Amino acid sequence: MKIARRTLLTLSATLIGFAAANVSAYAADFTLRLHTLVKSPHPYNDMAAVMKKEIEDKSGGKIAVKIFDSGQLGQDPAVIGEMGFGTIDLMISTVSNAAQQIPEFSIFTMPYLFNGMDDALAKVGPGTKVQAHFEKVYEEHAVGMKLLALGASGTRNMSTASTVVNGPDDLKGLKMRTPPSPMDAKTWAAFGMLPVTVAWGELYAAMQTGVADAMESSLPGYTGSKLYEVAPNLALTEHTIQINHISISQRTWDKLPADLQKVVQQAAVDANAYGVEKAKEYDANLVKTLQSEHGVKVTHPDKAAFIEKVAPLQVELAKELDLSAEYQLLKN
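Conventions used here
Residues numbered from 1 in each chain as written. Predicted model: local features only at pLDDT ≥ 70, side-chain atom pairs only at ≥ 80, totals over all residues. Heavy atoms only, no water. Helix = DSSP H or I, 4+ residues; strand = E, 2+ residues; numbered from the N terminus. Buried < 20%, exposed > 50% of the residue type's maximum accessible area, 1.4 Å probe, protein only. Contact = heavy atoms within 4.5 Å. Expected span 1.5 Å × (residues − 1). Pairing = 2+ DSSP bridges. Core = buried A, V, L, I, M, F, W, Y, C linked by side-chain atoms within 4.5 Å. Phe/Tyr/Trp six-rings, centres within 6.5 Å; stacked < 30°, edge-to-face > 60°. Axes fitted to C-alpha atoms, helices over the stretch in contact; angles between N-to-C directions. Parallel < 35°, antiparallel > 145°, perpendicular 65-115°, else oblique. Nonpolar A, V, L, I, M, F, W, Y, C, P; charged D, E, K, R; others polar. Salt bridge = Lys/Arg side-chain N within 4 Å of Asp/Glu carboxyl O.

## Concerning the side chain of Ser247
Tracing the backbone shows Ser247 in strand β8 (residues 233-249). Here Ser247 falls in the buried class, since its relative accessible area comes to 0%. With residues near it in sequence (within four places) discarded, Ser247 still touches Met83, Asp89, Leu90, Met91, Tyr138, Met145, Lys146, Leu147 and Leu148.

Structure (structure tokens):
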């Protein structure tokens with residue numbers, strides 16, 4: 001049986017049209033590009049995966065989310081600029097990397113603002129006065145972003161070359177590595193330490209040669225850079241809680257209808273809670289690994305003694321850095 005050429009052309013056109021219609025029926029109305037700076041395993045990437053699934057599921061496929069981790073879209077300051085233009089839609093990262101555009105975020109590098117990750121989330125998370133304050137700060141600085149959520153994603157701790165740290169008195173006279181930060185230098189000097197400015201990339205050699213006797217870092221940073229080889233005494237001081245932000249491009253937000261805005265907002269809230277639990281899990285597992293596989297001596301100092309020492313300095317530093325409003329908000 002022969003089919004006329006015209007009939008074949010008509011049939012082909014019909015099939016192509018049907019296929020195109022079928023594809024468009026299932027295509028997302030919005031595709032959001034989500035940036036993180038870190039490699040997995042990391043709470044930020046876990047949070048990104050949770051957000052992607054929830055947004056895609058609860059939007060009924062109207063929103064697709066593409067995750068770009070490991071800084072594929074650039075470093076945070078550049079990404080924040082791109083978000084202002086709407087070329088990148090979402091980001092999950094540490095607030096300290098946004099301090100250039102949002103100086104008020106510097107308050108979160110102050111030691112002992114929080115009693116732990118749960119306390120941090122309770123004070124800065126969705127629905128809090130701190131959240132509302134920083135939403136206004138975003139607007140005042142005209143960064144072109146909307147703050148969806150602030151959260152907590154891990155602790156920073158003290159480690160030393162030879163001194164076992166059980167309390168503040170053990171820190172006296174130790175040469176403490178600090179980044180070029182007045183807040184860090186003044187904080188550790190208050191404990192009788194001798195601040196020494198050393199770049200992160202030079203820290204291993206500094207600890208190895210005695211240029212510095214002590215350092216502080218996140219547990220993933222301490223482990224990944226093998227600093228346990230030159231600073232095998234780890235004191236879980238938990239002096240700083242890493243605060244993260246989940247932000248969306250204001251241009252992207254304004255394009256979304258109200259029902260989809262609610263979906264994205266709730267996904268950020270849920271990702272925040274999940275991030276805290278993953279951070280706890282990573283910290284706990286790394287401590288066990290450091291002890292069992294690398295022979296690290298771990299101590300659990302009484303944090304109350306450290307807090308008592310640094311509390312008066314907090315007020316002074318907040319005034320000096322024009323962060324008194326943020327400090328009072330966090331302490332009330």
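Next comes the rest of the description.
## Considerations on helix α2 (residues 43-58)
Relative to the 22 Å expected for 16 residues at 1.5 Å per residue, α2 spans 22 Å between its end C-alpha atoms, a close match to the ideal helical length. Those residues of α2 that fall on the buried side of the exposure criterion are Pro43, Tyr44, Asn45, Asp46, Met47, Ala48, Met51, Glu54 and Ile55. For α2, the secondary structure elements touched by its buried residues are β1 (30-35), β2 (63-68), β3 (90-94), β4 (145-160), β8 and α10 (258-294). Just beyond α2, the residue with positive phi is Gly60, at close to 65°.

## Here's the deal with the environment of Tyr112
Mapped onto the elements of the fold, Tyr112 is located in the loop between β3 and α4 (117-124). Put simply, Tyr112 and Val310 are 198 residues apart on the chain and 7.9 Å apart in space, counted from C-alpha to C-alpha. When neighbours within four sequence positions are excluded, Tyr112 is seen to be in contact with Thr237, Glu238, His239, Lys303, Phe306, Ile307, Val310, Gln314 and Lys331.

## Quick word on α10
Under the 1.5 Å per step criterion, the end-to-end length of α10 is 52 Å for 37 residues, consistent within 8% with the ideal 54 Å. Following α10 by one or two positions, Gly295 has its phi on the positive side, about 65°.

## Comments concerning the pairing of strand β7 (residues 214-218)
Across the 5 residues of β7, 4 count as buried, placing the element largely inside the fold. In the sheet, β4 pairs with β7 via 5 bridges, with the strands oriented antiparallel. What sits directly across from Arg156, in β7, is Ser218.

## Things to note about the nonpolar core
Residues Phe105, Ile107, Phe108, Phe114 and Phe134 are the most contacted members of the largest nonpolar core, which totals 40 residues. Contributions of two or more residues to this core are made by α3 (76-85), α4, α5 (129-141), β4, β8, α10, α11 (303-320) and α12 (324-331). Setting aside chain neighbours within four positions, we find Phe108 in contact with Val95, Leu113, Phe114, Val124, Val130, Phe134, Thr240, Ile241, Ile243 and Leu330.

## Regarding the packing of aromatic side chains
On inspection of all chains with the given rule, the structure shows 9 aromatic pairs. Taking the centre distance of 6.2 Å and the plane angle of 45° together, the rings of Phe105 and Phe108 count as tilted. On the accessibility criterion, Phe108 (3% relative accessible area) is buried. Residues Tyr112 and Phe306 carry aromatic rings whose centres are separated by 6.5 Å and whose planes lie at 35° to one another, so their mutual orientation is tilted. You can see Tyr112 sitting in the loop between β3 and α4 and its partner Phe306 sitting in helix α11, a full 194 residues away along the chain.

## Some details on the packing of α5 against α12
Contact pair α5 / α12: the axes reach a minimum separation of 9 Å and the direction vectors enclose 160°. Comparing their axes, α12 and α5 come out roughly antiparallel. Of α12, the residues touching α5 (which contributes Lys129, Val130, His133 and Phe134) are Glu326, Leu329 and Leu330. By residue class, the composition of the contact of α5 with α12 is 4 nonpolar, 1 polar and 2 charged.

## Focus on the pattern of salt bridges
Evaluation of the coordinates by the stated rule reveals 11 salt bridges. One salt bridge connects Arg156 with Glu216, and the closest N-O pair in it is separated by 3.0 Å. Residue Arg156 is located in strand β4, and its partner Glu216 is located in strand β7; the two are separated by 60 residues in the primary sequence. Classification of Glu216 by relative accessible area gives buried; the value is 6%. Of the charged contacts in the structure, one is a salt bridge between Lys278 and Glu281, with a shortest N-O distance of 3.2 Å. Remark: Glu281 and Lys278 occur in helix α10; sequence separation between them is 3 residues, near one turn of the helix. For Lys278, a relative accessible area of 14% translates into the label buried.

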